[in-house]
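Structure assessment
Listed below, chain by chain, are the residues.
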Amino acid sequence: MGDTKGRIALVSTYAHLSRNSMERMLKAAFPEYELDNFSVDEIVRRHWFWIPQNLWYVAKECGLELLRGQTRPRHAFFRTTHTFGRLRAAMQQLIRPDRHLFSFQMQSLYNTGVTGVPYFVYTDHTHLSNLNYPDFDRRELRSQEWIDLERSIYDCATVVFTRSTDVRADLIKYYDIPAEKTECVYAGSNVDVMNAGEPNNDGYSNKRIVFVGVDWLRKGGAELIEAFRTVLRSHPDAHLTIVGSETPVDIPNCTVLGKVSVTELSRYYAEASIFCLPTKREPFGIAFVEAMMHRLPIVGTRVGAVPDMVEDGVNGFLVEPGQSDTLARALCTLLDSPERCRQFGQRSYEKAVECYTWAGTGQRIRTRILKELGAAGQQRRSA
């Protein structure tokens, strides 16, 4: 194909842990093409003169959220309709039909589609997916104008790839996107856990439970502590390790580690017998994948992508969010049976290898994109 249209435009809409993983995935899936990276953060910095006018939109569209402490100033700055429109216009100058075979956008915060360049979006969330969470306050919904802009992303996309089946369903249900324009391709882990090895947990009998999450309240940390108090009554030798969050906890047999290195994190997974993350809102949850790769049984909640990863009674247990009593019963059931933990853990690993690797996700994406590009080429030749 030569130097023209031999490149892929990769658009990252914000800095996040999966960004580097997804770039590596795309390079491995399309080794015959080069990537041109476009970062929304960098584009805004280059167009610094957008900032004064955008501050007015921040006040107008996000002022109440800022006053209530529901959002951070930087977050609000990037979520205005003004920023959305400015970035849309800027991308028309950066992504070119004569240079790029297609564009691939991480997340669905902006419409960066360009006429003449097939546009693929890969996301773990939609704004209206929040309606599925039992604790979501509808007053937190963005304006209809903003939601209409978000819908334009999916309308313009050639295909919208999702990490989970629930988000794919939301695109169809809330945004009227045709089912054939969506595909769930899952995701992988941000750390290399394919060779995690066998657990170091005394045959799942050491009664160590691990929690991994930074956002303590959203991840269900408070409910886990209440549940663990109940667990200690029947299993006084149980131990809870909290990784990521630095929230102080006043309870016996509990260690709060805060943030740890990748190597340390793998060790804490390996030393645990159970992974528990009773999250209340979860677009995806990479920690679940990491725990599955470490052959752990999972206790999670029926929200977001979690039911894709955890089959109740197969590789773990699912409970309703916010219910510490049922959470405690699920944990005790596993603590009562190291053999069940082992069986669930093996099924977790098998499911992770089948669905949740970046190599697998990349191959699914490549197959669909090449199919779409082939169909588009055929249409041009027939015109």
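Thresholds, definitions, all that
- Residues numbered from 1 in each chain as written.
- Predicted model: local features only at pLDDT ≥ 70, side-chain atom pairs only at ≥ 80, totals over all residues.
- Heavy atoms only, no water.
- Helix = DSSP H or I, 4+ residues; strand = E, 2+ residues; numbered from the N terminus.
- Rg over C-alpha atoms; globule rule 2.2 N^0.38 Å.
- Buried < 20%, exposed > 50% of the residue type's maximum accessible area, 1.4 Å probe, protein only.
- Contact = heavy atoms within 4.5 Å.
- Areas by Shrake-Rupley, 256 points an atom, 1.4 Å probe, with all protein chains shown as cover.
- Lys, Arg positive; Asp, Glu negative; His and termini not counted.
- Charge placed at Lys NZ, Arg CZ, Asp CG, Glu CD.
- Axes fitted to C-alpha atoms, helices over the stretch in contact; angles between N-to-C directions.
- Parallel < 35°, antiparallel > 145°, perpendicular 65-115°, else oblique.
- Left-handed = near helix turned anticlockwise from the far one by under 90°.
- Nonpolar A, V, L, I, M, F, W, Y, C, P; charged D, E, K, R; others polar.
- Core = buried A, V, L, I, M, F, W, Y, C linked by side-chain atoms within 4.5 Å.
- Pairing = 2+ DSSP bridges.

**With respect to the overall build of the protein**
- Secondary structure summary: the protein contains 14 helices and 12 strands in total.
- A compact globule built from 383 residues should have a C-alpha radius of gyration of about 21 Å, and the protein, at 22 Å, falls within 12% of that.
- For the protein, the spread of C-alpha atoms along the three principal axes comes to 70 × 50 × 35 Å.
- In the protein, which comprises 383 residues, the proportion classed as buried is 55%.
- For the protein, the proportion of contacts with a sequence separation of at least 24, taken over those separated by at least 6, is 65%.
- Put simply, the protein shows about 17,200 Å² of open surface, and 50% of that area lies on carbon and sulfur atoms.
- Averaged over its 47 positive side-chain charges, the protein has a centre that lies 4 Å from the centre of its 46 negative ones.

**Describing the packing of helix α8 (residues 221-234) against helix α12 (residues 324-335)**
- For the pair α8 and α12, the least separation of the axes is 8 Å and the interaxial angle reads 45°. It follows that α8 is oblique to α12 by the angle criterion. The hand of the α8/α12 crossing is right-handed. Contacts between α8 and α12 pair Glu-223, Leu-224, Glu-226, Ala-227, Thr-230, Val-231 and Ser-234 from the former with Ser-324, Leu-327, Ala-328, Leu-331, Cys-332 and Leu-335 from the latter.

**With respect to the packing of helix α5 (residues 81-94) against helix α6 (residues 144-156)**
- Between α5 and α6, whose axes approach to 10 Å, the crossing angle comes to 30°. One finds that α5 runs roughly parallel with respect to α6. In this structure, the crossing between α5 and α6 has a hand that is left-handed. Across the interface between the two elements, Thr-81, Phe-84 and Arg-88 of α5 pack against Glu-145, Trp-146, Leu-149, Glu-150, Ser-152, Ile-153 and Cys-156 of α6.
- Residue composition of the contact of α5 with α6, grouped by class: five nonpolar, two polar and three charged.

**Notes on the nonpolar core**
- In terms of nonpolar packing, the biggest core is built from 85 residues, with Phe-104 and Phe-275 touching the most fellow members.
- Once you skip the residues sitting within four places of it in the chain, Phe-275 turns out to touch Val-210, Val-212, Tyr-269, Ala-287, Phe-288, Ala-291, Leu-296, Pro-297, Ile-298 and Val-299.
- Tyr-110, Ile-147, Leu-171 and Tyr-174 belong to the second-largest nonpolar core, a separate cluster that totals 33 residues.

**Considering the environment of Arg-208**
- Here Arg-208 lies in strand β7 (residues 208-213).
- When its relative accessible area of 29% is taken as the criterion, Arg-208 is described as partly exposed.
- Along the backbone, Arg-208 and Ala-179 are 29 residues apart, and their C-alpha atoms lie at a distance of 43 Å.
- The contacts of Arg-208, once residues within four sequence positions are left out, are His-239, Thr-241, Glu-271, Ala-272, Ser-273 and Ile-274.

**So, the sheet that holds strand β11 (residues 298-301)**
- The strand order β9-β8-β7-β10-β11-β12 describes an open sheet built from six strands, whose pairing is parallel. If you trace the sheet from one side to the other, it starts and ends with β9 (254-258) and β12 (316-319), each paired once. Ignoring which end each strand starts from, the neighbouring axes of this sheet average 20° apart.
- Pairing of β7 with strand β10 (residues 274-276), which is carried by two bridges, proceeds in the parallel orientation. If you follow Ile-209 over to β10, its bridge partner there is Ile-274.
- Strands in contact with α8 are β7, β8 (239-244) and β10; relative to β8, the strand with the most contacts, it is inclined by about 170°.

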